[in-house]
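Letter by letter, the chains look like this.
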Amino acid sequence: MSTTLKNYINGEWVKSKNNSLLDVINPSTGLPVGRVSVGCKEDVLDAAESAHQAWESWRNTPATQRVQYLFKMKALLEAHTDEIAAICTQECGKTFAESKAEMTRAVENIEVACGIPTLMQSVFSEDIATGVDEFVIRQPLGVGACISPFNFPIMIPFWFMPYAIACGNTYIVKPSEKVPMTMTRIFELIETLNLPKGVLNMVHGGKETVDAILEHPFIPAISFVGSTPVAKHVYQTGTLNGKRVQAQGGAKNAVVVMPDADEETTVKIIVDSAFGCAGQRCLAASVVITVGEGAQKLTDKIITLAKSKKTGDGMDASADMGPVISAESKIRIEKLIQLGIDQGADLLLDGRGIKVSGHENGNFIGPTILGNVGEHSEVYKTEIFGPVLSMIHVKTLEEAIALINRNRYGNSACIFTRSGAAARKFRHNTLAGNIGVNIGVAAPMAFFPFSGWKESFFGDLHGQSSHAVEFYTQTKVVIERWNDEWSRKF
Ligand code: NAD
């Protein structure tokens, strides 16, 4: 079976104008489960035209009516959670439980965006001079677009899309070409909401599709999530073309463990963070920095727990983690592990060569732990994006913070401690956008912005919450004079 996926443009399912197809591969089996076009400029032109046409009427639809579609969207997605999660697991590899959790985070964003009638409110100053008032109106920009990565096929478009359409923009979603089936199914469901044609569109494809979005004059606002080199390209090209762009990039998240940390909680949370979603979370713990006494005991416990994690097919309820996304990714990660060893790291747990019975062609790598990782080694500097945890030891909290701050990424950083003073110092001094205190995956709820600093983010306003509302609206300042004398004429 191999379905060829279609684009959704102007309320219709249409074939891409590019007939070159890519296989969508189930990373657990190595077998194709669908096909998708590599995409083309013409598809983007059609989607942008349709969204542009729809915008005039959508922006004039009251916000209270626009959000009614979102209330229904929430109920619809919740009713189909298991079905959507199963598709996500099939093409992305993560476990069914992880796919369902992702669905919850997507729906949370719809819930927050349902508050747009309040969130879009602005400020009003009466009598800035006699009989003169001044106020701000938030208005939509036009057509927005998001370009998403493979690792959260459900959730990531929802960091942006519900806010954008609730604010009165029309929208184009560009899923990752590695995992296009999940969003296609979501759009089939969205179709039943009977949104006006052109309000929501989806185009498939890779680089050519993205570059066409970056150039199109009808698309003034672009949200991107993916690796840092592509985030930079999207930010630079989009802004050069006069667009506002928010581009979330890669990560290298450190977790600092103080000697007073609660050992049992810390070990469990670190192992979940490092190896959940096979390490393919942008907030996954990638480096553990132990501080002071007790490092060996903690490391031993992390190894023991990591060893107990079962790697397998995501639909196997007993599996704790699934495969990595592709055969290329597996080779890249295994090469990095070897390079780490060659550059002096100790191999504390080796997940290479793991076999999953019945899934001999799956891209499986088991939990891997490297000790004594050097700050200048490739394995420390590179975003591995796989189930590999590096261990580094330092003497003081100040050294740990300085080490984190020298890293080029700043997506998240966490500390485990019982000391409020240590936690406060860490929160205050660490250069990262999402901070966790006794938390392993510092993922903001939908009503907070998904922050990210340094080379993990290019732009000003982040996804989710009030930031998404600001990003997808422009402010209009109005100064009005109404003289009393004029009304006396009537
Ligand atoms: P990727 O950068 O390869 O792809 C992301 C998107 O960009 C896809 O839609 C893809 O089609 C497009 N793309 C790829 N190469 C392109 C090019 N040369 N020109 C134009 N467009 C291009 O990322 P990925 O491998 O799908 O996802 C993993 C990456 O995403 C990791 O680096 C991870 O850290 C990052 N990520 C970051 C966050 C965050 O919040 N900061 C969240 C999730 C994932």
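About the thresholds
Residues numbered from 1 in each chain as written. Predicted model: local features only at pLDDT ≥ 70, side-chain atom pairs only at ≥ 80, totals over all residues. Heavy atoms only, no water. Near = heavy atom within 4 Å. Polar contact = N/O pair within 3.5 Å; in protein donor to acceptor, adjacent residues only side chain to side chain. Areas by Shrake-Rupley, 256 points an atom, 1.4 Å probe, with all protein chains shown as cover. Helix = DSSP H or I, 4+ residues; strand = E, 2+ residues; numbered from the N terminus. Domains from an automatic or database assignment. Phe/Tyr/Trp six-rings, centres within 6.5 Å; stacked < 30°, edge-to-face > 60°. Buried < 20%, exposed > 50% of the residue type's maximum accessible area, 1.4 Å probe, protein only. Lys NZ or Arg CZ within 6 Å of the ring centre and 35° of its normal. Contact = heavy atoms within 4.5 Å. Buried area = accessible area lost by both parts, 1.4 Å probe. Salt bridge = Lys/Arg side-chain N within 4 Å of Asp/Glu carboxyl O.

Asks: Would you mind going over the site of the ligand with me for this structure?
Replies: Within the structure, the ligand sits among 30 residues, and Ser 148, Glu 177, Ser 227, Gln 248 and Glu 383 are positioned closest to it. In the model, an oxygen atom of the ligand is placed 3.0 Å from a nitrogen or oxygen of the Phe 150 main chain. Gln 248 places a polar side-chain atom, nitrogen or oxygen, 2.7 Å from an oxygen atom of the ligand. For the ligand, the protein covers 88% of the area, taking 840 Å² as the surface of the free molecule. For the shell around the ligand, the elements supplying multiple residues, two or more each, are helix 8 (207-215), strand 11 (221-225) and helix 9 (228-240). Summarising the domain contributions, the shell around the ligand has at least three residues from each of domain 1 (7-249 + 457-477) and domain 2 (253-437).

Asks: What is the right way to read the packing of aromatic side chains from this model?
Replies: Aromatic ring pairs are reported here in terms of the distance separating the ring centres and the angle at which the planes meet. Evaluation of the coordinates by the stated rule reveals 11 aromatic pairs. Taken together, a centroid distance of 4.8 Å and an interplanar angle of 55° make the contact between Tyr 8 and Trp 13 tilted. Of the residues examined, Tyr 8 reaches a relative accessible area of 7% and is grouped as buried. When the centroid spacing of 6.3 Å and the interplanar angle of 35° are considered together, the rings of Tyr 235 and Phe 458 count as tilted. Separated by 223 residues along the polypeptide, Tyr 235 in helix 9 and Phe 458 in strand 22 (residues 457-458) bring together distant segments of the chain. Owing to a relative accessible area of 25%, Tyr 235 belongs among the partly exposed residues under this scheme. A residue is classified by how much of its surface remains accessible, and Phe 458, at 14% relative accessible area, is buried. Every member of this aromatic cluster is reached through a ring pair, and the members are Tyr 8, Trp 13 and Phe 187. The ring of Trp 55 has Arg 59 lying over it, and the distance from NZ or CZ to the ring centre is 5.2 Å.

Asks: It is not clear to me how the environment of Gln 296 should be interpreted in this structure. Could you clarify?
Replies: If you trace the backbone, Gln 296 turns up in helix 11 (residues 295-307). Given the relative accessible area of 55%, Gln 296 is considered exposed. When the C-alpha atoms of Gln 296 and Tyr 472 are compared, they prove to be 49 Å apart, with 176 residues separating the residues in sequence.

Asks: I'm lost on the domain arrangement of the protein in this one. Help?
Replies: In many analyses, interface size is given as the accessible surface area lost on bringing the parts together. Splitting the protein by domain gives domain 1 (7-249 + 457-477) and domain 2 (253-437). Between the C-alpha centres of domain 1 and domain 2 the distance comes to 31 Å. Between domain 1 and domain 2, the contact holds 19 residues from the first and 24 residues from the second. Here domain 1 meets domain 2 over a buried area of about 1700 Å², counting both sides, of which 62% is carbon and sulfur. Counting the contacts that link domain 1 with domain 2 gives zero salt bridges.

Asks: Teacher, can you tell me more about the environment of Ala 432 here?
Replies: Inspection of the secondary structure assignment puts Ala 432 in the loop between helix 15 (420-429) and strand 20 (434-437). Sequence-wise, Ala 432 and Ala 145 are 287 residues apart; in three dimensions their C-alpha atoms are separated by 26 Å. Setting aside chain neighbours within four positions, we find Ala 432 in contact with Gly 410, Asn 411, Ser 412, Ala 413 and Trp 453.

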